[in-house]
Amino acid sequence: MEEKQYMISSVTVYCSSSGQAPQPYFDEATLLGKGLAERNIGLVFGGGHVGLMGRTADAVMQGGGTVKGIIPRFLEEREVAHYGISELHVVETMHERKMLLTGWADAFVILPGGFGTLDELMEILTWKHLGHHDKPIILLNVGGFWDQLLGFFGRIAADRMVKPGYEAYYDLCSSADEALALIDRINRRQASPA
Ligand code: AMP
């Protein structure tokens, strides 16, 4: 599904805050950040220096790109904020943060993650389902990480609690390179519509 109506110039990345995630996830986070910087596509993220989040942000910064982080004050106070990025916005509530994370993005890329990442993914999927936005949602399915969740979506559909066609809400990519190639295709299409 490549439904984007305008160029992707910034991407919100949702991903794990864990430093103990498998190495291949870190490798893909690095490649994604590097590729965003090369394309001059800004990164928007949750503002932490930890886990895959920190790795993605570092890779964009090292590549000379732009990174905007949005962190709630209580997490900043736990000293997980990343101060080495282009802009760090400290907000009062998780809800305020989510509004900015979703509002500032032209597209979403979801790397593997835990409860926080799942929450963020389910929110943007639900909002797309309800017609609140029409931005691309790219699931980075490193090592088949999202397969079981997608299987569960199938169960929900089989039980007729979501209508067929929900698969069009997201794109599945198995690597950062594939996700970046998809972003390039969307942007080329926007630059010269058929
Ligand atoms: P999780 O997948 O549970 O590690 O949560 C990661 C997601 O939740 C990220 O995309 C962040 O937006 C948010 N988040 C969770 N923990 C942190 C943290 N320590 N610092 C900043 N953001 C976090």
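Look above for the structure.
Residues numbered from 1 in each chain as written. Predicted model: local features only at pLDDT ≥ 70, side-chain atom pairs only at ≥ 80, totals over all residues. Heavy atoms only, no water.

## Some details on the overall build of the protein
Within the protein, the secondary structure is distributed over 7 helices and 7 strands. Relative to the globule expectation of 16 Å for 194 residues, the C-alpha radius of gyration of the protein, 16 Å, shows essentially globular dimensions. Along the first, second and third principal axes, the C-alpha atoms of the protein reach 45 × 40 × 30 Å. Among the 194 residues that make up the protein, the fraction classed as buried is 48%. In the protein, 71% of the contacts between residues at least 6 apart in sequence involve partners at least 24 apart. Summing over all exposed atoms, the protein offers an accessible surface of approximately 9600 Å²; the carbon and sulfur share of this is 54%. Averaged over its 17 positive side-chain charges, the protein has a centre that lies 4 Å from the centre of its 24 negative ones. (Helix = DSSP H or I, 4+ residues; strand = E, 2+ residues; numbered from the N terminus. Rg over C-alpha atoms; globule rule 2.2 N^0.38 Å. Buried < 20%, exposed > 50% of the residue type's maximum accessible area, 1.4 Å probe, protein only. Contact = heavy atoms within 4.5 Å. Areas by Shrake-Rupley, 256 points an atom, 1.4 Å probe, with all protein chains shown as cover. Lys, Arg positive; Asp, Glu negative; His and termini not counted. Charge placed at Lys NZ, Arg CZ, Asp CG, Glu CD.)

## Let's talk about helix α5 (residues 115-129)
The end-to-end C-alpha distance of α5 is 21 Å, a good match for the 21 Å that 15 residues give at a rise of 1.5 Å each. Residue G131 follows α5 closely and has a positive phi angle near 80 degrees. (Expected span 1.5 Å × (residues − 1).)

## Concerning the nonpolar core
Within the largest apolar cluster, 33 residues are counted, with the highest numbers of intra-cluster contacts made by V11, V13, L32, L36 and L111. Secondary-structure elements contributing two or more residues to this core are β1 (10-14), α1 (23-38), β2 (42-45), α2 (51-62), β5 (107-110), β6 (137-140) and α7 (176-191). Contacts of V13, omitting those with residues within four sequence positions, involve L32, L36, L43, V44, F45, T56, V109 and L111. (Core = buried A, V, L, I, M, F, W, Y, C linked by side-chain atoms within 4.5 Å.)

## Some details on the environment of E87
Positionally, E87 belongs in strand β4 (residues 87-91). Its relative accessible area of 33% is what places E87 among the partly exposed residues. Measuring from C-alpha to C-alpha, the distance between E87 and T66 comes to 8.3 Å, with 21 residues separating the pair along the chain. If we skip the residues at most four places from it in the chain, E87 touches V67, K68 and G69.

## Quick word on the side chain of T102
Summarising the element assignment, T102 is placed in helix α4 (residues 94-103). Polar side-chain contacts of T102 include one of 3.2 Å to the backbone oxygen of M99. If we ignore the near neighbours within four places in the chain, the residues touching T102 are Y14, F108, E123, I124, W127 and K135. (Polar contact = N/O pair within 3.5 Å; in protein donor to acceptor, adjacent residues only side chain to side chain.)

## Remarks on the environment of W146
For W146, the location among the structural elements is in the loop between β6 and α6 (147-158). Distance from W146 to I110, taken between C-alpha atoms, is 9.8 Å for residues 36 residues apart in sequence. Side-chain polar atoms of W146 contact the backbone oxygen of L140, separated by 3.3 Å.

## Topic: the pairing of β6
Of the two faces of β6, the one carrying I137 and L139 and the one carrying I138 and L140 are both buried. Where β5 lies against β6, 3 bridges are found, and the strand directions are parallel. Looking at β6, one finds that I110 is bridged to L139. Running through α5, the crossover from β5 to the neighbouring parallel element β6 is right-handed. With 3 bridges connecting them, β6 and strand β7 (residues 171-173) associate as parallel partners. (Pairing = 2+ DSSP bridges. Right-handed = clockwise from strand over helix to strand, strands pointing away.)

## So, the site of the ligand
The immediate surroundings of the ligand are formed by 17 residues, with S17, R97, G114, T117 and E120 found nearest. Contact between the ligand and F115: an oxygen atom at 3.4 Å from a main-chain N or O atom of the residue. Within the side chain of E120, an N or O atom sits 2.5 Å from an oxygen atom of the ligand. Coverage of the ligand by the protein amounts to 85% of the 480 Å² it exposes when considered alone. The biggest single contributor to the shell around the ligand is α5, with 4 residues. In terms of residue class, the shell around the ligand is built from 7 nonpolar, 8 polar and 2 charged. (Near = heavy atom within 4 Å. Nonpolar A, V, L, I, M, F, W, Y, C, P; charged D, E, K, R; others polar.)

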